[in-house]
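# Analysis of the macromolecular model
Spelled out, the chains give:
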Amino acid sequence: MAGLARWLPALRTVPWAPLGTWPTPLEHARGDVWAKREGASSPRYGGNKVRTLEAWLGHAQAIGARRIWAIGAYGSNHAIATVVHARALGLDAGVILFPQPPSKWAAENAGALIASGCELVRLRSVIGVPFAGLAKARRELVMPPGGATPIGTLGAMSAAFELAEQIEAGLAPPPVRIVLAVGSTCTTAGLLAGLQLGTGEVADVGA
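Attention here is on the structure that accompanies the text. (Residues numbered from 1 in each chain as written. Predicted model: local features only at pLDDT ≥ 70, side-chain atom pairs only at ≥ 80, totals over all residues. Heavy atoms only, no water.)

In this section: the pattern of salt bridges. Summed over the entire model, instances satisfying the criterion amount to 9 salt bridges. Here Glu140 and Arg66 are joined by a salt bridge, their closest N and O atoms 3.0 Å apart. Here Arg66 lies in the loop between helix H2 (49-62) and strand S3 (67-73) and Glu140 lies in strand S6 (residues 140-142), a separation of 74 residues in the sequence. Given a relative accessible area of 39%, Arg66 falls into the partly exposed group. For Glu140, the salt bridge is made with Arg67, and the minimal N-O distance between the two is 3.9 Å. Remark: Arg67 occurs in strand S3 and Glu140 occurs in strand S6; sequence separation between them is 73 residues. Residue Glu140 shares its accessibility class with Arg67, and that shared class is buried. Residues participating in the shared-partner salt-bridge network are Arg66, Arg67, Asp92, Glu119 and Glu140. (Salt bridge = Lys/Arg side-chain N within 4 Å of Asp/Glu carboxyl O. Helix = DSSP H or I, 4+ residues; strand = E, 2+ residues; numbered from the N terminus. Buried < 20%, exposed > 50% of the residue type's maximum accessible area, 1.4 Å probe, protein only.)

Scanning all chains against the criterion turns up 1 aromatic pair. Here Trp7 and Phe161 contribute two aromatic rings whose centre-to-centre distance is 5.1 Å and whose plane-to-plane angle is 35°, an arrangement assigned as tilted. Pair noted here: Trp7 is in helix H1 (residues 2-7) and Phe161 is in helix H5 (residues 150-168), with a separation of 154 residues, a long-range link. (Phe/Tyr/Trp six-rings, centres within 6.5 Å; stacked < 30°, edge-to-face > 60°.)

Our focus in this paragraph is H5. In an α-helix, one full turn covers 3.6 residues, which means residues spaced three or four apart are oriented alike. Look at H5: 27 Å from first C-alpha to last across 19 residues, which is about the 27 Å you get at 1.5 Å a residue. Summarising burial for H5: 14 of the 19 residues are buried, a large majority. The first or second residue beyond H5 is Gly170, which carries a positive phi of 85°. (Expected span 1.5 Å × (residues − 1).)

The following block contains the structure:
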């Protein structure tokens, strides 16, 4: 949030939970390809989900929630990240899961969620997601899949301004295109908004 607030002072009042180690490093991969190593964002559990959770867990604390629920597939990185980082802040965490095609990494992630001992709610299908959590107690907050809402996009917006500061410092050339792994589009939306605000131009961000 520190970098985001420097660029957009009006956001200083937005609740925020400091979770990550910023900035994440920029590395030259090959030719004109550079990589921003989001995996280095936290020694607890890294990745771009940490940015989304800084905004979401800050929001959870601000409204007095005692538990936050993540929604995702059995192999959801977002679900594991939520459990790990919520507990680091003293918040309880639960996970609402729906099936996905089997794979080695999905099995590993599902095993990690079970081993964490967090409360699990299993859905028969992703179709059940819109109804998940409606009967939960008042002090429980349910995130949409991937935390993909305007709250979640603030984390990715911070990445756009962080990148701009690294480029200004001469750590990498300005990007012609930014390529992301496909997902809930929360990161894509936040980057697009941040780059638009920072440059006044529509950026080329692809998944």
